Each structure stands twice: as C-alpha cells, then as structure tokens.
Amino acid sequence: MRPALWLVRFDPGSRWENGWMTPRKWMAVLPAVFLAATSRSADTAGDILKNSGALERLERQTGVYHASKTGRTPGFIVDPSWPQPLPNHWLLGQIGGLYVDQHDHIWIYNRPRSMTNEEAGLEDAVPGARDENGRPINPLGQVRAHGPIADCCKAAPSVLEFDADGKLLAAWGGPSDPGFLGGKCKVEEGCIWPNSEHGIYIDQKDNVWISGNAAAPGGSTAGGRGKPPWTTNGEGGDGFLLKFDRNGNFQMRIGGTPKGPDSNDRKGGLHGTPLLYRAADMAVDARTNRLYIADGYGNRRVLIVDADTGTYIGHFGAYGNNPVDDAAAGGAGPWIAGDSKGGEKPAFFRTPVHCVKLANDGRMYVCDRGNDRIQVFDAKDPALGKPCSNPDGKPGQCGFVAERLISEHTNTSIPGTAVSMSFSSDKPQTCLYVGDNSNMTIYILNRSNLQELGRLGRSGRMAGEFHWLHQVSVDSKGNIYTAEVDTGKRIQKFLRYGSAGCSGTGSSTVGGVVAGN
C-alpha cells in the first residue's frame, strides 16, 4: 500500500522538540491521502481507449479478415474520428463520388437532394415555392409551413475538398451552394448541373470532372432524389460530363441531355461531343490525354474522348466489342437469369458500368457491376475502342486482357457487386481493391493473378462497416477512403500499416460466405 502524504501547515511560531514539531499554537495538521492505493493518476482519453481494450477491438473489427495463408496484404484500421466536423450546420447526403488527388486531398461529390426531411430540418422554405396543396416548401420540396422544423441541419455543397487529416479545405457547386448556379455555372455557357451527382475525378492538371446519373423525366432516378425547387436539369437525362478548375470555375461540357440510351453515339452532344447517358465514372491517361468514361447507368460502354476538346476517339463494350448491341443487352434481363440459361460470359456490359480505373502500367479496370464481374483491358492496345468483334471474350483480342467474377450469383436489387476499384500505393500497385456494394465489403486482390487475399469491412453501420458501399480511393500513403449511398451517407478512412503491397496466392473465387463471420 502506498504511504499517506501528510500535508502540514507551518506556523511562524512553531518549534522542534526531540525531533518533533510542536506548535506554540496548533494550526491544524491535515492528514490527506493523495493518490493512495485506491486511487491513481488521471487517465487521458488515449489511456482509456488503450486500457479498456477499445483500440484492440477496433483493430480486430475493422482490420483485414478472411486472409489467405499463402498471401500477404497491407494491414488497416479505421480512423473513427475522420473527417473533422463540418461548419455551417452542414450535413452530408449520399456520396455519389469520391477521389484522392495527387496532393492527397480527398474530394467527395455530395448529393444534397438525398437528405431526408429530418436531416434537412434547418432548411427553411423557399420564398414563393409551394407544393401541390399550396404549402410552403424548402429547396428539397419538403413542407415548411411554419419555418425550420429542427435546430439542424442544412445541405452541404455538392463538391467538398478535405486534407488527409479530414479538415475541410473548400466546398462549392450544385444547388445547395448559393449563387453558384447562374454564377460560375451558367446554362448559356453550357453548364447544366446534373439532377443526381455521381462520379468525381481530379486529373493531373487539377481539373475537376463530375458526372450525373439521373434518368430523363419519366424514368427512375437512383434514390428517388428531390424535384423542385432544386431540380437543375429540366431538359432530359444526365447525359454529360462537366469540367471545372479546382476552384469551381466552369471549363467545358461533354455531352447533352438525351431522352434515352445510345451506346454508339459519337457526336450528338454539345459542340459535336458524344452524348453520354447517366455516366458513372471517369479517368484521364496523362500520357495520352485520353479521357475514359464509364458510361454508365443507361449506356453500356466505356467512352474514349480527348480530355481537352471532348472529341470522340473511340468506345467499347464487354470484351472490347464495338459496336455495342443495346437492344440485345437490354432484352437479356438480369445477370442471374442469363446465367441460369448458360449465359456465363455475356458479351455485353449490364448496367451499370460503374467504374473505370487506370493503373500505372497501362492496364484498365472496368466495373461491370450488373454482371458481377470486373474486366481488364490494355489501354496501350491500338485495337481498344476501334470497331472490333470479340463475342467469345478471347484474351488478346480487341484490347481485352482478363476478367474476374466478383461474388458470383449475387442477386440483389441494387444490382450487382463490383462498384468501385483502386490500387495500392506501392510503385507496382500490387493490390487491387474491389468494392462490393451488395455484400458490403472490399476484396483485396493480388493484381498479378486477380486472386482474393483478404477482405476489409462488413455489412453494418458501425465504424469500419458499410451500408451501400459506393466508392473506394487510396492516397499516396496507402490509406483507403470509402463513401456510401442509400442511408449510409458517410465517408470513412482506413489507415494502412505494415506491408505497402500484396503478394502471394489466394482464392481464385472472389466473394462468398465467410464461415463464422
């Protein structure tokens, strides 16, 4: 037992006799126990997290699991404090896009019109705006007959830029940014903001590219996002890409506002650029200045254009096929129906064609989400994007290299599995991270053999879990960033430790039930 500490008050008249203090006038000697055996020094928050086992549980619950015994991957742990709080009572909606740029800044593409009535409780009525019953409504079309309904929150702008520590650096764009529409984004200059925010990409020149995936009026939109007063595209479907500088100044539009899909269009858009239809993602090859577009939710192709002019260069469907047979693909039904009839290698992309990613070695990876697979192409192959026939999916033809099924036989209404991809930060980019938004996980593949070495994240709503995982991106340190849609509506950061890359062998079957998980 630790000894007591005696706190003694000395009086000026005190004197010592026989080794003991005897005061002339007793002033009170206070015996006090200070940090005795039943007490201890005050713990810091870090001590509490460590000593309670919370950090150990966080590592166990948010780290890599289902790991291959013959492979190696980086380690990860979620940072539950990332990002830092937003200002101005802002709240994020669904996150349509996410991308980490060359400066390790994290850009997200927010859907302000996906906020619920309660989430947008501080959004007041728009002067003069009323619903069909004559009641005042806020910008999202929600009734505000008596003003705001709660003390929080308001919709953040559509484009937000964070640093690696989660500090908000900039926010601009979309209908929730007052004065942006009609200011930096003028319809007469070709700038039409999409009705449903989807992909975002920042190229080597720090240009910001965005797309939209709303259908033409009369069709469905992902998530049932709001109509007036914040409807921004009243002309047709979101059939375009917009290019801005990093400060939100409009540069260019590729495409237009079509009424439906046409996967072989070459010059039906603004200034003779190709018409897109509900594009999902994009990437620029800095060596060739070619812009590759995952086109998308309506069309069934990867489109290739010049990144400076938007001029058509080429396009391709599954296995590099060009032209794309929209009628056959549209009549084929869902993947599970075709597979049950023996159509295990459909010669077309099933919508949505959800991502396109370029590796440093020239390999291109495409999320054929509707077919539960990814396909790999050689961006250096001159045949890629040209008229070419490869109905049997032979590697080496039409620029096609390989494919891998992702959680085969997944048959949800979302639909499909492969939603996003990214690469590890080591120079050869040995890891391929494949997000699955039906099974709510990230598969860690060895990029050299496309075998599964482990997984990150599970279905759920706690830190490190996913609900409708939608985007995956990686910074220069190998940290992984993710974004969610539906009611997930959040972004997360997974800190990398240990190995920088992937090696070894794993399972050629990607996905499936994990025993005991």
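For the structure, see preceding data.
Below: a short report on this structure. (Residues numbered from 1 in each chain as written. Predicted model: local features only at pLDDT ≥ 70, side-chain atom pairs only at ≥ 80, totals over all residues. Heavy atoms only, no water.)

### Digging into the overall build of the chain
At step 1: What the chain contains, in helices and strands, is 4 helices and 33 strands.
At step 2: Evaluated residue by residue, the chain yields a buried proportion of 54% over its 517 residues.
At step 3: The long-range share in the chain, meaning contacts at least 24 apart out of those at least 6 apart in sequence, stands at 60%.
At step 4: Summed over its atoms, the accessible surface of the chain is roughly 22500 Å², and 53% of this surface lies on carbon and sulfur atoms. (Helix = DSSP H or I, 4+ residues; strand = E, 2+ residues; numbered from the N terminus. Buried < 20%, exposed > 50% of the residue type's maximum accessible area, 1.4 Å probe, protein only. Contact = heavy atoms within 4.5 Å. Areas by Shrake-Rupley, 256 points an atom, 1.4 Å probe, with all protein chains shown as cover.)

### Points about the side chain of Asp206
At step 1: Within the secondary structure layout, Asp206 lies in the loop between β14 (197-202) and β15 (208-212).
At step 2: At a separation of 3.3 Å, a polar atom in the side chain of Asp206 contacts the side chain of Arg246.
At step 3: If sequence neighbours within four positions are ignored, Asp206 has contacts with Gln102, His103, Asp245 and Arg246. (Polar contact = N/O pair within 3.5 Å; in protein donor to acceptor, adjacent residues only side chain to side chain.)

### Some details on the sheet that holds strand β19 (residues 290-295)
Pairing between the strands of a sheet comes from backbone hydrogen bonds, and it takes one of two forms, parallel or antiparallel.
At step 1: Read from one edge to the other, the open sheet built from 4 strands follows the order β18-β19-β20-β21, with strand pairing classed as antiparallel. Across the chains shown, the open sheet's two edge strands, defined by having one partner strand only, are β18 (281-285) and β21 (312-316). Put simply, the sheet's adjacent strands are angled 20° from each other on average, direction ignored.
At step 2: Across 5 bridges, the pairing between β18 and β19 is antiparallel. By the bridge assignment for β19, Met282 is matched with Ile293. (Pairing = 2+ DSSP bridges. Axes fitted to C-alpha atoms, helices over the stretch in contact; angles between N-to-C directions.)

### A closer look at the packing of aromatic side chains
At step 1: Summed over all chains, the structure comprises 16 aromatic pairs.
At step 2: Where Tyr365 meets Phe423, the ring centres are 5.5 Å apart and the plane angle is 65°; that geometry is what we call edge-to-face. With Tyr365 in strand β23 (residues 363-368) and Phe423 in strand β26 (residues 418-423), the pair connects residues that are 58 residues apart, well separated along the chain.
At step 3: By relative accessible area, which is 3% here, Tyr365 ends up buried.
At step 4: Centre to centre, the rings of Phe466 and Phe494 are 5.9 Å apart; their planes meet at 55°, and the pair counts as tilted. Of this pair, Phe466 sits in the loop between β29 (451-456) and β30 (469-474) while Phe494 sits in strand β32 (residues 491-497), and the two are 28 residues apart along the sequence. When sorted by exposure, Phe466 lands in the same class as Phe494, which is buried.
At step 5: The ring of Tyr65 has Arg458 sitting right over it, with the charged end atom 3.9 Å from the ring centre. (Phe/Tyr/Trp six-rings, centres within 6.5 Å; stacked < 30°, edge-to-face > 60°. Lys NZ or Arg CZ within 6 Å of the ring centre and 35° of its normal.)

### Overview of the pairing of strand β13 (residues 168-172)
At step 1: Summarising the sheet, strand β12 (residues 159-162) and β13 pair through 4 bridges and their orientation is antiparallel. Residue pairing across strands places Leu160 opposite Ala171, the latter belonging to β13.
At step 2: Connecting β12 to the antiparallel partner β13 that follows it, the hairpin turn spans 5 residues, and Gly166 within it adopts a positive phi of roughly 90°.

### Some details on unusual backbone geometry
At step 1: In the segment running from Trp82 into Pro83, the intervening peptide bond is cis, with an omega of -5°.
At step 2: Mapped onto the fold, Pro83 is located in the loop between β7 (75-78) and β8 (90-91).
At step 3: Here Asn322 and Pro323 are connected by a cis peptide whose omega angle stands at 10°.
At step 4: Within the secondary structure layout, Pro323 lies in the loop between β21 and α3 (326-330).
At step 5: Positive phi, close to 65°, is recorded for Asn289, a residue that is not glycine.
At step 6: Inspection of the secondary structure assignment puts Asn289 in the loop between β18 and β19.

### Let's talk about the side chain of Asp177
At step 1: Of note, Asp177 is situated in the loop between β13 and β14.
At step 2: Here the side chain of Asp177 touches Gly173 through a polar contact of 2.9 Å, landing on its backbone nitrogen.
At step 3: If we ignore the near neighbours within four places in the chain, the residues touching Asp177 are Pro157 and Trp172.

### Some points on the nonpolar core
At step 1: Among the nonpolar cores identified, the biggest contains 51 residues, and Ile200, Trp209, Leu241, Phe244, Leu291, Ile293 and Met364 are the most heavily contacted of them.
At step 2: For Ile200, the residues in contact, after removing those within four places along its chain, are Gly97, Leu98, Tyr99, Trp107, Ile108, Tyr109, Val159, Val208, Trp209, Ile210 and Met282.
At step 3: Among the nonpolar cores identified, the runner-up in size contains 19 residues, and Val78, Ile442, Ile444 and Ile480 belong to it. (Core = buried A, V, L, I, M, F, W, Y, C linked by side-chain atoms within 4.5 Å.)

### Regarding the sheet that holds β12
At step 1: With antiparallel pairing, 4 strands are arranged side by side in an open sheet as β9-β10-β12-β13. At either margin of the open sheet sits one strand with a lone partner, and together these are β9 (94-100) and β13. When the angles between neighbouring strand axes are averaged without regard to direction, this sheet yields 20°.
At step 2: Alignment of strand β10 (residues 106-111) against β12, held across 4 bridges, turns out to be antiparallel. In the sheet register, Trp107 faces β12, and the bridge partner there is Glu161.

### A look at the state of the cysteines
At step 1: Within the structure shown, the criterion is met by 5 disulfides.
At step 2: Here Cys388 pairs with Cys398 through a disulfide, and the sulfurs are 2.0 Å apart. In this structure, the disulfide formed by Cys388 and Cys398 twists by about -80° around the S-S bond and is classed as left-handed. Of this pair, Cys388 sits in the loop between β24 (373-378) and β25 (400-405) while Cys398 sits in the loop between β24 and β25, and the two are 10 residues apart along the sequence.
At step 3: Linked covalently through their sulfurs, Cys431 and Cys502 form a disulfide whose S-S length is 2.0 Å. Note on the Cys431 and Cys502 pair: the S-S dihedral is about 105°, so by sign convention the disulfide is right-handed. (Disulfide = S-S within 2.5 Å.)

### Details of the environment of His89
At step 1: Tracing the backbone through its elements, the reader meets His89 in the loop between β7 and β8.
At step 2: For His89, a relative accessible area of 47% puts it in the partly exposed group.
At step 3: When the C-alpha positions of His89 and Ala120 are compared, they lie 9.8 Å apart, and in sequence the two are 31 residues distant.
At step 4: If sequence neighbours within four positions are ignored, His89 has contacts with Leu122, Asp151, Cys152, Cys153 and Lys154.

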